[in-house]
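# Summary of the model geometry
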Amino acid sequence: MTVTFEVRDGVGTIQLDRPPMNALDVAIQDRLRELAEEATRREDVRAVILYGGEKVFAAGADIKEMQAMDHTAMVLRSKGLQDAFTAVACIPKPVVAAVTGYALGGGCELALCADFRIAADNAKLGQPEILLGLIPGAGGTQRLARLIGPSRAKDLIFTGRMVKAQEALALGLVDRVVPAAEVYEQAHAWAARLAKGPALALRAAKESIDAGLETDIDTGLTIERNWFSGLFATEDRERGMRSFVEEGPGKATFR
């Protein structure tokens, strides 16, 4: 298998497994979409980790495969490429990318689909498509600019340069830098903590933030208000408030 999916303690790990560099060919792209949809459906999956293994996250697309495509072939394929990454970004549960080694091109774009990014201290990230006479095609021009701002995104995309972990942290491209040996462990700890939380409230928070970023403030507030009031119909809201009143904050057990 080029991508595996394992679930432990409510955390599903989507792991790329195409040595040596986890090049993202069409088969991997389609498998990512399938597993993202599975993670969305499964009630035993409460949070998700994106992982490439101990040595590399993903060094980008399969260049040899793309070189063989002409314009017509890429017109037909490009939506499937974007749909695969969008399926990951739209998983309605907390998603963390555990980034080791290279996360370049499509690998960086996959990390951008996560809600949180933990990087190894030896990680290198970037969007080098310009060096091939291309631009990012799996969401990089859109998600990167939304995450770190247009000027910083243009610097990385225009130059195609790689950034090391500490610069990526300073740019806001990753959220935490840890020793390489601890990347997966810390990603699992983050995901496992949220897996114990109220699933519907976490979904509401994620969708309110993501949808709100795509619209004006008044529409965003309407989205927030609808989710906020809707959560008053859930058992988790009853449990959370009852526990707060009777035992104090942070002690509720959610179903």
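Everything that follows concerns the structure shown earlier in this document.
Residues numbered from 1 in each chain as written. Predicted model: local features only at pLDDT ≥ 70, side-chain atom pairs only at ≥ 80, totals over all residues. Heavy atoms only, no water.

A word on the sheet that holds strand 9 (residues 176–178). Working definition: the strands of a sheet are paired by backbone hydrogen bonds and lie parallel or antiparallel to each other. Ordered by their spatial adjacency, six strands build an open sheet running 1-2-3-4-6-9, and the pairing between neighbours is mixed. Only two strands of the sheet have a single neighbouring strand rather than two, namely strand 1 (3–8) and strand 9. For this sheet, the mean angle separating the axes of adjacent strands, direction not counted, is 20°. Inspection of the sheet shows strand 1 paired to strand 2 (residues 11–16) by six bridges, in the antiparallel sense. Paired with V3 across the bridge in strand 2 is L16. Running over the sheet, helix 8 (residues 183–195) touches strand 1, strand 2, strand 3 (47–51), strand 4 (95–99), strand 6 (116–120) and strand 9 and is turned about 175° from strand 4. (Pairing = 2+ DSSP bridges. Helix = DSSP H or I, 4+ residues; strand = E, 2+ residues; numbered from the N terminus. Axes fitted to C-alpha atoms, helices over the stretch in contact; angles between N-to-C directions. Contact = heavy atoms within 4.5 Å.)

Residues A153, L156 and I157 constitute the buried set of helix 6 (residues 150–159). Taken around the axis of helix 6, the buried residues stretch over an arc of 90°, which confines them to a single face. Facing away from the buried side of helix 6 by more than 90 degrees, the exposed set consists of S151 and F158. (Buried < 20%, exposed > 50% of the residue type's maximum accessible area, 1.4 Å probe, protein only. Arc of directions from axis to C-beta.)

Strand order in this open sheet of three strands is 5-7-8, and the pairing throughout is mixed. For this open sheet the edge positions go to strand 5 (102–104) and strand 8 (162–164), each flanked by a neighbour on one side alone. Averaged over all neighbouring strand pairs, the angle between strand axes comes to 20°, with direction disregarded. One ladder, built from three bridges, connects strand 5 with strand 7 (residues 124–126); its direction is parallel. Its bridge partner being in strand 7, L104 is matched across the sheet by G126.

Structurally, F254 can be placed in the segment after helix 11 (235–247). Relative accessible area serves as the criterion here: at 23%, F254 is assigned to the partly exposed category. The residues contacting F254, other than those within four sequence positions of it, are K196, G197, P198, D236 and G240.

Our focus in this paragraph is the packing of aromatic side chains. Within this structure, the stated rule accounts for three aromatic pairs. The interplanar angle of 40° and the centroid separation of 4.9 Å between the aromatic rings of Y51 and Y184 together place this pair among those described as tilted. Of the two residues, Y51 is situated in strand 3 and Y184 in helix 8; the sequence distance between them amounts to 133 residues. For Y184, a relative accessible area of 23% gives the class partly exposed. Centroid distance F116 to W190: 5.1 Å. Interplanar angle 5°. Geometry classified as stacked. In this pair, F116 is assigned in strand 6 and W190 in helix 8, connecting sequence segments 74 residues apart. (Phe/Tyr/Trp six-rings, centres within 6.5 Å; stacked < 30°, edge-to-face > 60°.)

A side chain of one charge can pair with a side chain of the opposite charge if their charged atoms are brought near each other. Following the criterion strictly, the structure yields 16 salt bridges and no others. As a salt-bridge pair, R8 and D9 come within 3.8 Å of each other at their nearest N and O atoms. Judged by relative accessible area, which is 44%, R8 ranks as partly exposed. Between E38 and R42 there is a salt bridge, and its shortest N-O distance comes to 2.9 Å. Looking at R42, the relative accessible area reads 28%, which means it is partly exposed. A network of salt bridges, in which partner residues are shared, links R18, D25 and D62. (Salt bridge = Lys/Arg side-chain N within 4 Å of Asp/Glu carboxyl O.)

What follows is about the side chain of T13. In this structure, T13 sits in strand 2. The class for T13 is buried, based on a relative accessible area of 7%.

Closest axis-to-axis distance for the helix 9 (residues 199–213)/helix 10 (residues 217–230) pair is 9 Å, and the angle between their directions is 170°. Taken together, helix 9 and helix 10 sit at an angle that is classed as roughly antiparallel. Counted together, L200, R203, A204, E207, S208, A211 and G212 of helix 9 and G220, I223, E224 and W227 of helix 10 form the full contact between these two elements. Of the residues belonging to the contact of helix 9 with helix 10, the class tally is five nonpolar, three polar and three charged. (Parallel < 35°, antiparallel > 145°, perpendicular 65-115°, else oblique. Nonpolar A, V, L, I, M, F, W, Y, C, P; charged D, E, K, R; others polar.)

Functional significance is not addressed by these values, which are geometric in nature.
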